[in-house]
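# Survey of secondary and tertiary structure
Listed below, chain by chain, are the residues.
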Amino acid sequence: MKRNILPVLALLFGTLFLFTGNGLHSLLLPVRGTAEGYATTTLGLLGTTWATGFVLGCLTAPKLVRRIGHVRAFSGFISVIAIIALLTGIIVDPIWWVALRAVTGFCTAGTSMIIESWLNERATNESRGAIFSLYIGITLIGAVAGQMMVPFADIHTPILFMMCGICYCVAMLPTTLSTAASPQPLKAVSLDLKALYRNSPVASLGILLVGIANGAYGTLGAVFGANAGLSQSDIALMMSMTIFAGAVMQLPAGRLSDRIDRRYVLAGMAAVAALDGLLLFLLKPGSPYFLISMVVIYGAFANTLYPIAVAHANDFAAPEDFVKVSGGLLLLYGIGTIIGPTIGGPVMSSVGPYSLFFLTAVAHVLITSYSIFRSRRRAAKPAGDRDAYTTMPSANAQMITPESMALARSDTSKKDDISINYGT
């Protein structure tokens, strides 16, 4: 185990600080924006532009990495993210924030793909599962640690924005000072979204709807908390516990989906998330702890949907098509995360903060209905013929890149890195 982890220890150390900065900045912006009186629609655009930049980063960042190399690209991406984090503390303006978040999303995709391709290059069949699990744990710890920093300083001052910059600079050091060899150049593979839908209609539509729900909550959850009367520390606790609850719930949900039709599990998990969202919308709990508890339950079930849908799609895919299938699902998820905040912001402005969960409930009801409908149109794969379920990063901790899908495949032999070129 030590022999497998030591070569990537410096990279993982940098990853911890990178996601600490990401967690802090992603929560700080909506909390500060709410305190400044920015419209909910504008705050929703922070998530829309970030997700747009992230998807574009998955499309085009590999070309830059191939041109200048992993280390230079990694340092460049993080430098830009650090500069933007500091600028958002100096230029407190909603238009600038929305525009700069697109650049942050683009660079975040680049850094994540470089980290994951580096880990994938170093992983062997025997160590891949351990390295992937450690990586997921580090991203979760980093994101939660960053969010929990919010209550420890005044959000009206530049201090927390400066802390973001410090975290990003520290994240850059291990890789730039390391003497380890860079991974092989990134390679591209084309996708066919029509074939993806034919392979698994439930996974295709389900992932799009999951992206809408998760994108809306991930961007506007902090805005909801502030408008619902939660303190800064309560908002940080709510967002952090949602991530942890989703991570903990993935394994039992995945094990259940290995034993019965995954579409039933997908429908059941989505139904619970929908019911919880509807109760939040209707009851509008006044007690902060009761409110946080209900939101955490929502996160526990909502964050299990993506990996179950991916596993269901892979059940019907040929082994050589796993990367194409996963890449197509990533594109659909990215589109959903663009749509979710774009719709959620105006809805919350018109109806109120609790309407955020009405929006997520609609998405989850559609997932439940379509999963049950499709379960009667095509038989499930026998348990022995299914692809192995793999846990994924919590959707509210980070968006998943094509490289993380390659790293997650414990039965994949050691190979060159794979990036996704979203073609037809």
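Up top you'll find the structure we're talking about.
Worth saying up front: this structure is predicted, and the values here are computed from it rather than measured. Residues take numbers from 1 onward in each chain, read along the sequence in its written order. Reporting in this predicted model follows two pLDDT cut-offs: at least 70 for local features of residues, and 80 or more for side-chain atom pairs to be given and counted; totals over whole chains, interfaces and linings ignore these cut-offs and use all residues. Excluding hydrogens and water, the side-chain values take into account all heavy atoms of the structure.

### Here we look at unusual backbone geometry
In the Ramachandran plot, Lys 284 falls in the positive-phi region, its phi being about 50° despite a non-glycine side chain. The helix and strand labels rest on DSSP assignments: H or I over at least four residues marks a helix, E over at least two residues marks a strand, and numbering proceeds from the N terminus. Tracing the sequence through the fold places Lys 284 in the loop between helix 11 (262-283) and helix 12 (288-302).

### A closer look at the pattern of salt bridges
One side-chain nitrogen of Lys or Arg within 4 Å of one carboxyl oxygen of Asp or Glu is enough to make a salt bridge. Evaluation of the coordinates by the stated rule reveals five salt bridges. A salt bridge links Arg 262 to Asp 258, with the nearest nitrogen and oxygen atoms 3.0 Å apart. Since its relative accessible area comes to 1%, Arg 262 is described here as buried. Within this structure, Arg 255, Asp 258, Arg 262 and Asp 315 form a network of salt bridges that share partners. Classification of residues uses two cut-offs on accessible area relative to the type maximum, computed with a 1.4 Å probe and protein chains only: under 20% is buried, over 50% is exposed, and between them is partly exposed.

### Considerations on the environment of Leu 173
One can find Leu 173 in helix 7 (residues 159-177). Between the alpha carbons of Leu 173 and Ser 75 there is a distance of 8.6 Å; along the sequence they are 98 residues apart.

### Overview of helix 3 (residues 40-68)
Taking 1.5 Å of rise per residue, 29 residues should cover 42 Å, and helix 3 covers 40 Å from first to last C-alpha, within 8% of that figure. Positive phi shows up at Gly 69, right after helix 3, with a value of about 95°. Expected span of a helix: the number of residues minus one, times 1.5 Å.

### Digging into the packing of helix 9 (residues 201-227) against helix 12
For any two helices packed against each other, the geometry comes down to the angle between their axes and how far apart the axes lie. To get an axis, a line is fitted to the C-alpha atoms, and for a helix only the part in contact is used. The angle between two axes follows their N-to-C directions and goes from 0 to 180 degrees. Where helix 9 meets helix 12, the closest approach of the two axes is 12 Å, and the angle between their N-to-C directions is 160°. When the axes of helix 9 and helix 12 are compared, the pair comes out roughly antiparallel. Crossing of helix 9 against helix 12: the hand is left-handed. Counting all contacts with helix 9, which are made through Ala 213, Asn 214, Tyr 217 and Phe 224, the residues of helix 12 involved are Leu 291, Val 295, Tyr 298 and Ala 302. Each residue receives one of three labels: charged for Asp, Glu, Lys and Arg, nonpolar for Ala, Val, Leu, Ile, Met, Phe, Trp, Tyr, Cys and Pro, and polar for the others, Gly being one of them. Its residues assigned to classes, the contact of helix 9 with helix 12 comprises seven nonpolar, one polar and no charged. Any angle that is under 35 degrees is reported as roughly parallel, and any over 145 degrees as roughly antiparallel; angles of 65 to 115 degrees are reported as roughly perpendicular and all others as oblique. Crossings are assigned a handedness: left-handed for a near helix turned anticlockwise from the far helix by less than a right angle, right-handed for a clockwise turn. Residue contacts follow a heavy-atom distance rule, with two residues in contact if any of their heavy atoms lie within 4.5 Å.

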